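Residue strings, one per chain:
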Amino acid sequence: MPTASPTVNTKLSIGPHAVQPPVVLAPMAGITNAPFRTLCREFSGGKGLFVSEMITTRALVERNEKTMQLIRFDASEQPRSIQLYGVDPATVGKAVRMIAEEDLADHIDLNFGCPVPKVTRKGGGSALPYKRNLLRAILREAVAGAGDLPVTMKMRKGIDDDHLTYLDAGRIAVEEGVTAIALHGRTASQHYGGTADWDAIARLKEHVPEIPVLGNGDIWSADDALRMVRETGCDGVVVGRGCLGRPWLFADLVAAFEGRTEDFVRPTLREVADVMVRHATLLGEWIGTEGEARRATVEGGGGRRAGESRGVIDFRKHVAWYLKGFAVGSEMRRRLAVTSTLEELRAGLDELDLDQPWPAGADGPRGRTSGNNRVVLPDGWLKDPYDCAGVGEDAELDTSGG
């Protein structure tokens, strides 16, 4: 059980939007789609900020079908928050103006933290802040194009320990009118390994007192969130892997920041199973409204069946996260991870001992944990931290999400 934590009095505003408690769902490719945001938001009682998965600026400007689906928000999502990825200032500017002019979102976050090779080899994500002038140009275009919409950014400490950029990037962000900064306390080379450097979050907060700084990294429980705020002085927290298979963590976060630690959620396996089925159902409904499922619609609900199947298949990656810590055999875990229909999923879950209480020690790390990776960069990227020649529209990714 978590230890009781004193209330942390932190007020966070992202432009005109009050975020109370100061808790943000981190954008995660293939994870923070509309169904998952719905679950997290329901558990939080609508409190906090829930950001879309990564949207590629080129794909948005070109109105890619998948991308246009990813930016659709439920009517209950307020404020609507989009994270954009891009490396070309002109394309980023076009995408931001499109969002503002067509009222597609209420808040824009810019991705400078992704460490995956397909992003960094183009000079994007966590590789980009090394090029100070390119970073400045992108932020300037984004802020100018956003009009009244607040623009924030999420970044890492740098490429590796020899190429730290977060303090320079934070100062550039302030100078270019960025509303807030989120810092993941790892370098790109760490990926998700090791321990997040919360001291770096504290240093960034001291370095840019003009705007809110949010901390990210190793928040596995509500107590971790309160501890990060106390130890770093940050203005809020961004939660990523800690909520994988744990959307009710947002209920705990709200309770913790409001001083109600006795209200932490500790579901039985039966309650977890119900959330799993609801998550898969929401995915099927969401997928079934667009693309292949819509084209498959025939009398008798073929499109709905296609959507259900695709939703359950997409849900498979969540199974191990939800069941972490519970006494479920490896064969049953494998069966549940290959189901294709809601009926199969529900039937498999019903074979478990659903009366199991919440297991001790189940709040630990989940998701990717690899570290000490070589960061894949464009040729000659590290030769000059200012020259950004050769970065343009051809470096933009053409797909969004996971």
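Residues numbered from 1 in each chain as written. Predicted model: local features only at pLDDT ≥ 70, side-chain atom pairs only at ≥ 80, totals over all residues. Heavy atoms only, no water.

### Concerning the pairing of strand β4 (residues 49-56)
Within a regular beta strand, the side chains point alternately toward one face of the sheet and then the other, so they alternate between its two faces.
Link 1 in the chain: Counting buried positions along β4 gives eight out of eight residues, so the element sits mostly inside the fold.
Link 2 in the chain: Pairing of strand β3 (residues 23-25) with β4, which is carried by two bridges, proceeds in the parallel orientation. Bridge pairing in β4 links Leu25 to Phe50.
Link 3 in the chain: Of the pairings in the sheet, the one linking β4 to strand β5 (residues 81-85) comprises four bridges and is parallel in character. Within β5, the position partnered with Met54 by the bridge is Gln83. (Buried < 20%, exposed > 50% of the residue type's maximum accessible area, 1.4 Å probe, protein only. Helix = DSSP H or I, 4+ residues; strand = E, 2+ residues; numbered from the N terminus. Pairing = 2+ DSSP bridges.)

### A short note on the pattern of salt bridges
Link 1 in the chain: Using the criterion set out here, one finds 31 salt bridges in the structure.
Link 2 in the chain: Its salt-bridge partner being Arg140, residue Glu176 comes within 2.7 Å of it at the nearest N-O pair. Here Glu176 is found in the loop between α7 (166-175) and β8 (180-184), whereas its partner Arg140 is found in helix α6 (residues 132-146), with 36 residues between them in sequence.
Link 3 in the chain: Put simply, Asp218 and Arg241 hold a salt bridge, and the shortest N to O gap is 3.9 Å. Of this pair, Asp218 sits in the loop between β9 (213-216) and α9 (222-232) while Arg241 sits in the loop between β10 (236-239) and α10 (249-257), placing them 23 residues apart in sequence. (Salt bridge = Lys/Arg side-chain N within 4 Å of Asp/Glu carboxyl O.)

### Re α6
Link 1 in the chain: The terminal C-alpha atoms of α6 lie 21 Å apart, and with 15 residues this matches the ideal 21 Å at 1.5 Å per residue to within 8%.
Link 2 in the chain: Burial in α6 covers these residues: Arg132, Leu134, Leu135, Ile138, Leu139, Ala142, Gly145 and Ala146.
Link 3 in the chain: Tucked inside the fold, the buried residues of α6 contact α4 (89-101), β6 (107-112), β7 (151-156) and α7.
Link 4 in the chain: Directly beyond the C-terminal end of α6, a positive phi value near 65° is found at Gly147. (Expected span 1.5 Å × (residues − 1). Contact = heavy atoms within 4.5 Å.)

### Details of the pairing of β9
Link 1 in the chain: By the alternation rule, side chains of β9 split into Val213 and Gly215 and Leu214 and Asn216, which are all buried.
Link 2 in the chain: Looking at chain direction, β8 and β9 are connected through four bridges and run parallel. Bridged to His184 within β9 is Asn216.
Link 3 in the chain: Both β9 and β10 contribute to a ladder of three bridges, which runs parallel. Counted as the bridge partner of Gly215 is Val237 from β10.
Link 4 in the chain: In this view, the connection linking β9 to its parallel neighbour β10 by way of α9 has right-handed handedness. (Right-handed = clockwise from strand over helix to strand, strands pointing away.)

### Thoughts on the confidence of the model for the protein
When pLDDT drops low, the exact placement of atoms in the prediction is not to be read closely.
Link 1 in the chain: The predicted model of the protein averages 90 in pLDDT, with 89% of residues at 70 or higher.
Link 2 in the chain: Per-residue pLDDT stays below 50 along residues 1-6; that stretch engages in 12 contacts with residues further than four places along the chain or on separate chains.
Link 3 in the chain: Low pLDDT, under 50, characterises residues 291-301; the stretch is placed with 17 contacts to residues that sit more than four places away or in other chains. (pLDDT = per-residue confidence, 0-100.)

### Notes on the nonpolar core
Burial of nonpolar side chains together is a common tendency in soluble globular proteins.
Link 1 in the chain: The biggest cluster of nonpolar side chains holds 114 residues, and the ones touching the most others in it are Leu84, Leu110 and Met153.
Link 2 in the chain: Of all the elements, helix α11 (residues 269-287) adds the most residues to this core, at 11 residues.
Link 3 in the chain: In this structure Leu84 touches Ile55, Thr57, Leu60, Ala95, Val96, Ile99, Ile108, Asp109, Leu110 and Asn111, once residues within four positions along its chain are discounted.
Link 4 in the chain: Residues Leu12, Ile14, Val19 and Leu214 belong to the second largest nonpolar core, which totals 11 residues. (Core = buried A, V, L, I, M, F, W, Y, C linked by side-chain atoms within 4.5 Å.)

### Some details on the environment of Ala34
Link 1 in the chain: Tracing the chain through its elements places Ala34 in helix α1 (residues 34-44).
Link 2 in the chain: Residue classification places Ala34 among the buried positions, given a relative accessible area of 11%.
Link 3 in the chain: Each C-alpha atom of the pair Ala34 and Arg72 lies 7.8 Å from the other, and the pair is 38 residues apart in sequence.
Link 4 in the chain: Once residues within four sequence positions are removed from consideration, Ala34 is found in contact with Arg72 and Trp286.

### Topic: the packing of α1 against α10
When two helices pack together, their arrangement is given by the angle between the helix axes and by the axis-to-axis distance.
Link 1 in the chain: Look at α1 against α10: their axes get within 7 Å of each other, and the N-to-C directions meet at 35°. As for the relative orientation of α1 and α10, their crossing is right-handed in sense. Contact residues: Cys40, Phe43 and Ser44 in α1; Phe250, Ala251 and Val254 in α10.
Link 2 in the chain: Taken together, the residues of the contact of α1 with α10 sort by class into five nonpolar, one polar and no charged. (Axes fitted to C-alpha atoms, helices over the stretch in contact; angles between N-to-C directions. Left-handed = near helix turned anticlockwise from the far one by under 90°. Nonpolar A, V, L, I, M, F, W, Y, C, P; charged D, E, K, R; others polar.)

### A look at α7
For the α-helix, the turn length of 3.6 residues means that residues three or four positions removed from each other point alike.
Link 1 in the chain: Looking at α7, one finds that the buried residues are Tyr166, Ala169, Gly170, Ile172, Ala173 and Val174.
Link 2 in the chain: Positive backbone phi, approximately 90°, marks Gly177, located one or two places after α7.

### Brief notes about the packing of aromatic side chains
Each pair of aromatic rings is reported with the distance of its centres and the angle of its planes.
Link 1 in the chain: Counted under the stated rule, the structure contains six aromatic pairs.
Link 2 in the chain: Seen from their ring centres, Phe315 and Tyr322 are 5.8 Å apart, and the 35° between their planes marks the pair as tilted.
Link 3 in the chain: Overall, Phe315 belongs to the buried group, its relative accessible area being 1%.
Link 4 in the chain: The class of Tyr322 is buried, set by a relative accessible area of 0%.
Link 5 in the chain: Seen from their ring centres, Phe326 and Trp358 are 5.9 Å apart, and the 80° between their planes marks the pair as edge-to-face. Of this pair, Phe326 sits in the loop between α14 (319-323) and α15 (330-336) while Trp358 sits in the segment after α16 (342-350), and the two are 32 residues apart along the sequence. (Phe/Tyr/Trp six-rings, centres within 6.5 Å; stacked < 30°, edge-to-face > 60°.)

### Observations regarding the packing of α11 against α16
Link 1 in the chain: Contact geometry of α11 with α16 gives a least axis separation of 10 Å together with a crossing angle of 170°. Classed by the angle they form, the pair α11 and α16 counts as roughly antiparallel. On the side of α11, the interface is formed by Ala273, Asp274, Met276, Val277, Ala280 and Thr281, while α16 contributes Leu342, Leu345, Arg346 and Leu349.
Link 2 in the chain: By residue class, the composition of the contact of α11 with α16 is seven nonpolar, one polar and two charged. (Parallel < 35°, antiparallel > 145°, perpendicular 65-115°, else oblique.)

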